[in-house]
Amino acid sequence: MVFLPFLAVLAAFAVSTRASPLDQPTRTVTTDATSCFPALGFKMPSNTPSSLTNWWCDPSTEYGFIGFSYEVTACQSLTQLKKDFLQIRQNFNGRYIRLYGFCDNAGFYNNIVEAAWDAGVGVHALIWFGFDGGNEWMDRRNKLLGILHSNEKAKFVTRALQFGSEPLFDSVLDPSVLAAQVTAAKSNLSSLHIPVTISEMAYGYQENEDNGAQDVLDAIDLIDAHMLPFFSTEASTANKAWPIVLTDLDWFIDNGEGKKIYFTENGWPSVTSDGVQPNSPSAVANVQNEHDYYSLLDAHCEDFKQVKGGGVGWFWHIYSDDMEPGYGLYSTSGKLKFPFSPRTSC
Ligand SMILES: *[C@@H]1O[C@H](CO)[C@@H](O)[C@H](O)[C@H]1NC(C)=O
């Protein structure tokens, strides 16, 4: 259901006063890669530090596999969130969770923060628009901004705030209005040093090229890119998908103003469904191809590492088939669909 917008996919700031948004003003780059959050091997302090100085890892260390896209529309309990985030950290060396979907329960993001702190993972938080054109996103935005300010741990685990998913492709707001929203959120979060972006496909920007997409590209602090090559008209098997990935990646490199790039919604389905239909008759959806897409990404670790802006870090979309049919690493019965141990450095 959540993939309905992709059915139609055929291919696919006001100037910030902060110079480099992913850099904390006071941060010095440390040589010990385990002394920063959320590096593998980092030991969480028992209390929140007094400041963000030296807290976050240098973004250039965040390439290759960095974590999972994780849907929260089920409004998971705190216990479940803790269990899943810990598993992501311990079993798969995940450093981040990228939120997907929405849970409108009051204070839900406090549980995300608690579970993330507990597991030692960072979060790309998300303001969900949905596909029905409603204004619920405004309330979601206000609640989330509120918690980011009120929860003392929030700024220590929230690596980025995303407007999503695919607000340009879904035409939820006029691009200039969306850009203004990004700018306003940046301003709101400036004391917390939380960067703001949108989660979007290259195609979402491209189709708005003459309609203000540049305002959005200028406004965002980093790029949360969607990479879903299964929907390409060129798609066949996942092991042949690199040219498709590279076409969109090159677009982001050419148009991304040197900003850090993450692949947030990034995967290959093991089954087709109502919302997941290919645009190429040769596109193959099965577990082998889902696995092969992971292998393809992993094999290109060196290529991702050298992309300007600090390399490309990729999330696996998505953690479980319960969240997005066919895209999960886990099946609906909770079984791993294939062994998964992607490289986190190379
Ligand atoms: C940030 O936005 C929230 C929600 O609209 C608001 O309550 C809060 O006062 C804002 N804070 C700042 C510093 O702008």
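Here we summarise the structure given alongside this text.

The rules we used
- Residues numbered from 1 in each chain as written.
- Predicted model: local features only at pLDDT ≥ 70, side-chain atom pairs only at ≥ 80, totals over all residues.
- Heavy atoms only, no water.
- Pairing = 2+ DSSP bridges.
- Helix = DSSP H or I, 4+ residues; strand = E, 2+ residues; numbered from the N terminus.
- Axes fitted to C-alpha atoms, helices over the stretch in contact; angles between N-to-C directions.
- Contact = heavy atoms within 4.5 Å.
- Buried < 20%, exposed > 50% of the residue type's maximum accessible area, 1.4 Å probe, protein only.
- Salt bridge = Lys/Arg side-chain N within 4 Å of Asp/Glu carboxyl O.
- Right-handed = clockwise from strand over helix to strand, strands pointing away.
- 1 Å grid on protein atoms, 1.4 Å probe; cavity = no way out; pocket = protein on both sides within 12 Å on 5 of 7 lines; lining within 4 Å.
- Points joined across faces, edges and corners; volume = space filled by probe spheres on them.
- Nonpolar A, V, L, I, M, F, W, Y, C, P; charged D, E, K, R; others polar.
- Disulfide = S-S within 2.5 Å.

1. A short note on the sheet that holds strand β8 (residues 312-316)
Neighbouring strands of a sheet are bound in pairs by backbone hydrogen bonds; such pairs are parallel or else antiparallel.
Okay, step 1: Read once around its circumference, the closed barrel built from eight strands follows the order β1-β2-β3-β4-β5-β6-β7-β8, with strand pairing classed as parallel. Averaged over neighbouring strand pairs, the angle between their axes works out to 30° when direction is ignored.
Okay, step 2: Where strand β6 (residues 223-227) and strand β7 (residues 261-266) come together, five bridges link them in parallel fashion. Looking across to β7, one finds that Met-227 is bridged to Asn-266.
Okay, step 3: The strands touched by helix α1 (residues 78-92) within the sheet are β1 (64-71) and β2 (96-100), with β1 carrying the most contacts at an inclination of about 160°.
Okay, step 4: With respect to the sheet, helix α3 (residues 136-150) is in contact with β3 (122-128) and β4 (158-164), its orientation differing from that of β3 by roughly 150°.

2. Quick word on unusual backbone geometry
Okay, step 1: Omega for the peptide link from Gly-164 to Ser-165 comes to -5°, which places this bond in the cis form.
Okay, step 2: Relative to the assigned elements, Ser-165 resides in the loop between β4 and α5 (175-189).
Okay, step 3: Omega for the bond connecting His-317 with Ile-318 falls within 30 degrees of zero, at 25°, which places this linkage in the cis form.
Okay, step 4: With a phi close to 60°, Asn-54 is a non-glycine residue in the positive phi region.
Okay, step 5: Mapped onto the elements of the fold, Asn-54 is located in the segment before β1.
Okay, step 6: Judged by relative accessible area, which is 32%, Asn-54 ranks as partly exposed.
Okay, step 7: Phi angles above zero are rare outside glycine, and Ser-171 is one such case at about 50°.
Okay, step 8: Here Ser-171 falls in the exposed class, since its relative accessible area comes to 54%.

3. Section: the pattern of salt bridges
Okay, step 1: Using the criterion set out here, one finds nine salt bridges in the structure.
Okay, step 2: As a salt-bridge pair, Asp-104 and Arg-140 come within 2.9 Å of each other at their nearest N and O atoms. Residue Asp-104 is located in the loop between β2 and α2 (108-119), and its partner Arg-140 is located in helix α3; the two are separated by 36 residues in the primary sequence.
Okay, step 3: Between Lys-337 and Glu-290 there is a salt bridge; the shortest N-O distance is 2.8 Å. Pair noted here: Lys-337 is in the segment after β8 and Glu-290 is in helix α9 (residues 287-299), with a separation of 47 residues, a long-range link. Note on accessibility: Lys-337 and Glu-290 belong to one class, buried.
Okay, step 4: If you follow the salt bridges from partner to partner, you end up with Glu-290, Asp-321 and Lys-337 in one network.

4. A short note on the pairing of β2
Look at any regular strand and the pattern is simple: side chains alternate between the two faces of the sheet.
Okay, step 1: Among the five residues in β2, five count as buried, and that is most of the element.
Okay, step 2: Because side chains alternate across β2, one face comprises the buried residues Tyr-96, Arg-98 and Tyr-100, and the other comprises Ile-97 and Leu-99, equally buried.
Okay, step 3: In the sheet, β1 pairs with β2 via five bridges, with the strands oriented parallel. By the bridge assignment, Ser-69 is partnered in β2 with Arg-98.
Okay, step 4: Following the chain from β1 across α1 to the adjacent parallel β2, one finds a crossover that is right-handed.
Okay, step 5: Each parallel crossover has a hand, and the one from β2 via α2 to β3 is right-handed.

5. Observations concerning the layout of surface pockets
Okay, step 1: Volume-wise, the largest pocket comes out at about 300 Å³.
Okay, step 2: The wall of the largest pocket is formed by 16 residues, among which Gln-80, Asp-84, Ser-320, Asp-322 and Met-323 lie closest to the centre.
Okay, step 3: In terms of residues, the lining of the largest pocket owes the most to one element, α1, which gives four residues.
Okay, step 4: Looking at the lining of the largest pocket, its residues break down into four nonpolar, eight polar and four charged.

6. Quick look at empty space enclosed by the protein
Okay, step 1: Looking at the largest cavity, its volume works out to about 250 Å³.
Okay, step 2: Looking at the largest cavity, it is lined by 18 residues, and the ones nearest its centre are Cys-103, Tyr-109, Leu-126, Arg-140 and Leu-144.
Okay, step 3: Contributing elements (two or more residues each) for the lining of the largest cavity: α2, β3 and α3.
Okay, step 4: The dominant element in the lining of the largest cavity, judged by the number of residues it contributes, is α3, at four residues.
Okay, step 5: Broken down by class, the residue content of the lining of the largest cavity amounts to twelve nonpolar, three polar and three charged.

7. Re the state of the cysteines
By definition, a disulfide links the sulfur atoms of two cysteine residues through a covalent bond.
Okay, step 1: Overall, the coordinates contain three disulfides when judged by the stated rule.
Okay, step 2: With its sulfur 2.1 Å from that of its partner, Cys-75 forms a disulfide with Cys-103. Across the disulfide from Cys-75 to Cys-103, rotation about the S-S bond amounts to roughly 110°, and the bridge is consequently right-handed. One end of the pair, Cys-75, is in the loop between β1 and α1; the other, Cys-103, is in the loop between β2 and α2, with 28 residues separating them in the sequence.

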